[in-house]
Amino acid sequence: MMTQEQCSHRNNVQSSEKAQVYKVGIYGWRKRCLYFFVLLLMILILINLALTIWILKVMNFTIDGMGNLRITEKGLKLEGDSEFLHPLYAKEIHSKPGRPLFLQSSRNVSVNVVNSNNQLLTQLVTGSSGFKARGKMFEVKSTSGKLLFSADEQEVVVGAERLRVMGAEGAVFSKSVETPHVRAEPFKELRLESPTRSLMMEAPKGIQVLAEAGDIQAICRNELRLESKDGEISLDARRIRLMRLPEGKASTSSSSGTRQTVYEVCVCANGRLFLSQAGTGSTCQISNNVCL
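The rules we used
Residues numbered from 1 in each chain as written. Predicted model: local features only at pLDDT ≥ 70, side-chain atom pairs only at ≥ 80, totals over all residues. Heavy atoms only, no water. Phe/Tyr/Trp six-rings, centres within 6.5 Å; stacked < 30°, edge-to-face > 60°. Helix = DSSP H or I, 4+ residues; strand = E, 2+ residues; numbered from the N terminus. Pairing = 2+ DSSP bridges. Salt bridge = Lys/Arg side-chain N within 4 Å of Asp/Glu carboxyl O. Buried < 20%, exposed > 50% of the residue type's maximum accessible area, 1.4 Å probe, protein only. Axes fitted to C-alpha atoms, helices over the stretch in contact; angles between N-to-C directions. pLDDT = per-residue confidence, 0-100. Core = buried A, V, L, I, M, F, W, Y, C linked by side-chain atoms within 4.5 Å. Contact = heavy atoms within 4.5 Å. Disulfide = S-S within 2.5 Å.

## A word on the packing of aromatic side chains
- All chains considered together, the criterion is met by two aromatic pairs.
- Between Phe138 and Phe149, the aromatic rings sit 6.3 Å apart at their centres with planes inclined by 65°, giving edge-to-face as the arrangement. Residue Phe138 is found in strand E7 (residues 138-141), and its partner Phe149 is found in strand E8 (residues 147-151); the two are separated by eleven residues along the sequence.

Spelled out as structure tokens, the structure:
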């Protein structure tokens, strides 16, 4: 049994425990700071949401894409002008049906083709300095597939029906020119001219110069030589005129006062031709002072 002193002590302990109360929560300045941070966070969330909606509205975000960019089943579709600040990798780039494809750059536009080792194979550059193409071969074909022009390290081929050079100086070839046929345009003259050097035409089986409706002129400043090593030179015409041949003078003047109108053509030992007054016999021997 408990004594009276023990009971009184127990009652005092219980009364003291009931009198002590512990408060749970945030009070005072801590509570005001918490409310302030919650309010600031809500304001930031509203501002962020408003900015997000504004960006979506300005950039024209839709289910199909963004702005001028549309996502279709065939790929990406750009409408209007587009600018790329970094490299663009695409398998195929084409314009709208019936619309041109326009590429613009402030410096140059380059199209490169590389292999698996990133080595340059073909390059196409258009810039302010001009148009440059680099590759093993360059070809230009018509819509029907006919070859119009091709160039490689070995040769340059022009496949068009006619090659026209519009420059006043014509075409200049530093080396030889091989062609089976040289002709002028209809109703135009054909001139083969070498102003400062010689003009040479060679053919293993012969050279034919033909003018069906005009004249042929061969003009030079010094000498014109016709030479046949194994054959002959034939002059076939109705009239053959040898202009400005020198005239041989006889050692004894003729006493006849009649004007001489008939001459004979004489040949010196060195091949030079001259005229001699015709007589009853040959007068070349008495007029051979031209051969001296």
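## Here we look at the pairing of strand E2 (residues 69-72)
- Here strand E1 (residues 65-66) runs beside E2; their pairing, made up of two bridges, is antiparallel. Note on E2: the bridge partner recorded for Met66 is Leu69.
- Here four bridges tie E2 to strand E3 (residues 75-78), and the two strands are oriented antiparallel to one another. What sits directly across from Ile71, in E3, is Leu76.
- Here E2 folds back onto E3, and the loop between the two strands holds two residues.

## Observations concerning the pattern of salt bridges
- Applying the stated criterion to the full structure yields five salt bridges.
- Measuring nitrogen to oxygen at the nearest pair gives 3.8 Å for the salt bridge that ties Lys141 to Glu139.
- Between Glu185 and Lys188 there is a salt bridge; the shortest N-O distance is 3.8 Å.
- The exposed category is assigned to Lys188, whose relative accessible area is 53%.
- Overlapping salt bridges bring together Arg164, Glu185 and Lys188 as one network.

## Considerations on the sheet that holds strand E5 (residues 120-127)
- In spatial order, the strands read E4-E5-E6; together these three strands make up an open sheet with antiparallel pairing. Edge positions in the sheet fall to strand E4 (108-114) and strand E6 (130-134), since each has one partner strand and no second. In this sheet, neighbouring strand axes are inclined to one another by 5° on average, regardless of whether the strands run parallel or antiparallel.
- Both E4 and E5 contribute to a ladder of seven bridges, which runs antiparallel. Of the residues in E5, the one forming a bridge with Val114 is Leu120.

## Quick word on the sheet that holds E1
- As summarised here, the arrangement of the three strands in space is E1-E2-E3, forming an open sheet in which the pairing is antiparallel. The open sheet has two free edges, formed respectively by E1 and E3, since each of these has just one partner strand.

## Describing the confidence of the model for the protein
- For the protein, per-residue confidence averages 80 on the pLDDT scale, and 87% of positions sit at 70 or higher.
- At the level of individual helices and strands, the protein shows its lowest average pLDDT in helix H1 (residues 4-19), which scores 57, and its highest in E8, which scores 92.

## As for the nonpolar core
- Cys266, Cys268, Phe274, Cys284 and Val290 form the largest nonpolar core, which has five residues in total.
- Contacts of Cys268, omitting those with residues within four sequence positions, involve Phe274 and Cys291.

## With respect to the state of the cysteines
- Per the counting criterion, the structure on display carries two disulfides.
- One disulfide in the model links Cys266 with Cys284; its S-S distance is 1.8 Å. Taking the sign of the S-S torsion, about -75° here, the bridge from Cys266 to Cys284 comes out left-handed. With Cys266 in strand E10 (residues 263-267) and Cys284 in the segment after strand E11 (273-277), this pair connects stretches of sequence that are 18 residues apart. The same class applies to Cys266 and to Cys284, which are both buried.
- Between the sulfur atoms of Cys268 and its disulfide mate Cys291 the distance is 1.6 Å. Here Cys268 and Cys291 share a disulfide; its torsion about the S-S bond, -80°, makes the bridge left-handed. Taken together, the residues Cys268 in the loop between E10 and E11 and Cys291 in the segment after E11 connect sequence positions 23 residues apart.

## Side note on the environment of Leu199
- Relative to the helices and strands, Leu199 is located in the loop between strand E9 (156-158) and E10.
- For Leu199, a relative accessible area of 52% translates into the label exposed.
- Leu199 has contacts with Leu192, Glu193 and Ser194, leaving out every residue within four places of it along the chain.

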